[in-house]
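# Fold and geometry: a report
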Amino acid sequence: KHYRYLPGERPMTTARITARAATRSAPNRPLLQSTQPPRTQLQRTPPRAHSVGRWGEELTARILEANGYRILERNWRPPAGLEHEQIRGELDLIAIDPEDELVFVEVKTRSSEDFGHPFASIDRDKARRTRSLAILWCRLRENLDFPRFRIDAIAVTGTCETFTFEHLKAVA
């Protein structure tokens, strides 16, 4: 938030501003005058892009399950203690398709194509990182017996009322 301090007031941290504003009982002179509309919640809400992404991942999981996929894991990250691996990131969905092939799914969600198609954000580095994470996931599960795996990309564009769903297989 951007604040304009009133004369004679000293700057405070965001935590102190929130705490003092929450405990004030009378509508006296405000501690600070905000240049943005007041927040209705005291708790931090997730950014819109984050909630759009989570919605896209949930929708993708439901559609894949309806088409015979078995979801093994969602939002997998390498466990702590593997810093020497130098692999960072997240695998959105890990599934087994109807033909019993292991599939790692990268989901990209946009509310519109105003800033480009969702697939445009999957560049060479993202594909390499996803492939490295997939190999690490397999190495950590030696009891799984899959001769190979594939990486799919899914683009979800729109809102919960109207959306498009595109599934590209074996992209990386």
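The coordinates are above.
Here we summarise the structure given alongside this text. Values in this document were obtained by computation on a predicted structure and should not be read as measured data. (Residues numbered from 1 in each chain as written. Predicted model: local features only at pLDDT ≥ 70, side-chain atom pairs only at ≥ 80, totals over all residues. Heavy atoms only, no water.)

## Structural notes on the sheet that holds strand 4 (residues 91-96)
Filter applied, for reference: For two strands to pair, DSSP has to find at least two bridges joining them. Each helix is a run of H or I in the DSSP string that is no shorter than four residues. Each strand is a run of E no shorter than two, and both are numbered from the N terminus. In this description, a line fitted to the C-alpha atoms serves as the axis of each element, helices being fitted only across the stretch in contact, and the angle between N-to-C directions of two axes falls anywhere from 0 to 180 degrees.
What the five strands build is an open sheet, ordered 3-4-5-6-7; its pairing is mixed. Edge positions in the sheet fall to strand 3 (70-76) and strand 7 (163-168), since each of these pairs with one other strand and no more. Adjacent strand axes in the sheet meet at a mean angle of 25°, parallel and antiparallel pairs treated alike.

## Comments concerning the packing of aromatic side chains
Aromatic ring pairs: the centre-centre distance and the angle between the two ring planes describe each pair. Inclusion rule: The criterion for an aromatic pair is that two Phe, Tyr or Trp rings (for Trp, the six-membered ring) have centres within 6.5 Å, with stacked assigned to planes under 30 degrees apart, edge-to-face to planes over 60 apart and tilted to the rest. Each residue gets one of three labels from its accessible area relative to the maximum for its type: buried under 20%, exposed over 50%, partly exposed in between, using a 1.4 Å probe on protein chains only.
If you walk through the whole model with that rule in mind, you get three aromatic pairs. Relative to tryptophan 137, the ring of phenylalanine 104 has its centre 5.6 Å away and its plane inclined at 80°; by these criteria the two rings are edge-to-face. Of this pair, phenylalanine 104 sits in strand 5 (residues 102-110) while tryptophan 137 is found in helix 3 (residues 124-139), placing the two residues 33 residues apart along the sequence. The class for tryptophan 137 is buried, based on a relative accessible area of 1%. Taking 5.1 Å as the distance between ring centres and 80° as the angle between the ring planes, the aromatic pair formed by phenylalanine 104 and phenylalanine 149 counts as edge-to-face. Of this pair, phenylalanine 104 sits in strand 5 while phenylalanine 149 sits in strand 6 (residues 149-158), placing them 45 residues apart in sequence. Judged by relative accessible area, phenylalanine 104 falls into the buried class, the value being 0%. Three or more aromatic residues joined by ring pairs form one cluster here, namely Phe104, Trp137 and Phe149.

## Looking at the pattern of salt bridges
Inclusion rule: By definition, a salt bridge exists where a carboxyl oxygen of Asp or Glu is found within 4 Å of a side-chain nitrogen of Lys or Arg.
Taken as a whole, this structure holds 14 salt bridges when the rule is applied. Across the pair glutamate 106 and lysine 108 runs a salt bridge whose closest N-O atoms are separated by 3.5 Å. Residue glutamate 106 is classed as buried on the basis of its relative accessible area, which comes to 5%. In this structure lysine 108 comes out as buried when scored by relative accessible area, which is 17%. Here aspartate 125 makes a salt bridge to arginine 128, at a shortest N to O gap of 2.3 Å. A residue pair is termed a helical-turn pair when its members lie 3 or 4 positions apart in one helix, as aspartate 125 and arginine 128 do in helix 3 at three residues. Here aspartate 125 falls in the partly exposed class, since its relative accessible area comes to 40%. Given a relative accessible area of 42%, arginine 128 falls into the partly exposed group.

## Looking at the nonpolar core
Short version of the rule: By convention a nonpolar core is built from buried Ala, Val, Leu, Ile, Met, Phe, Trp, Tyr and Cys residues, the set being connected through side-chain atoms within 4.5 Å. For this analysis, residues touch if any pair of their heavy atoms sits within 4.5 Å.
In this structure, Leu59, Ala61, Leu64, Tyr69, Ile71, Leu93, Ala95, Val103, Val105, Val107, Ile154 and Val156 together form the largest nonpolar core, which totals twelve residues. Secondary-structure elements contributing two or more residues to this core are helix 2 (48-66), strand 4, strand 5 and strand 6. If near-sequence neighbours (up to four positions away) are discounted, valine 107 is found in contact with Gly56, Glu57, Thr60, Asp92, Leu93 and Ile154. Counting residues in hydrophobic clusters, the runner-up holds ten residues, among them Leu91, Ile94, Phe104 and Ala134.

## Examining the layout of surface pockets
Over the atoms, a rolled probe matching the size of one water molecule traces out where space is still vacant. To be explicit about the condition: Think of a 1 Å grid over the protein atoms and nothing else: a 1.4 Å probe that fits but is trapped marks a cavity, an open set flanked by protein within 12 Å on at least five of seven lines marks a pocket, and residues with an atom within 4 Å of a point count as lining. Grid points are joined across faces, edges and corners, and a volume is the space filled by probe spheres set on the points. Three residue categories are used. Nonpolar comprises Ala, Val, Leu, Ile, Met, Phe, Trp, Tyr, Cys and Pro, charged comprises Asp, Glu, Lys and Arg, and polar comprises the others, including Gly.
Reported here for the second largest pocket is a volume of approximately 210 Å³. Along the wall of the second largest pocket there are twelve residues; nearest its centre are Glu57, Asp92, Glu106, Val107 and Lys108. Element by element, the count of residues in the lining of the second largest pocket is highest for strand 5, at five residues. Looking at side-chain class alone, the lining of the second largest pocket contains two nonpolar, three polar and seven charged residues.

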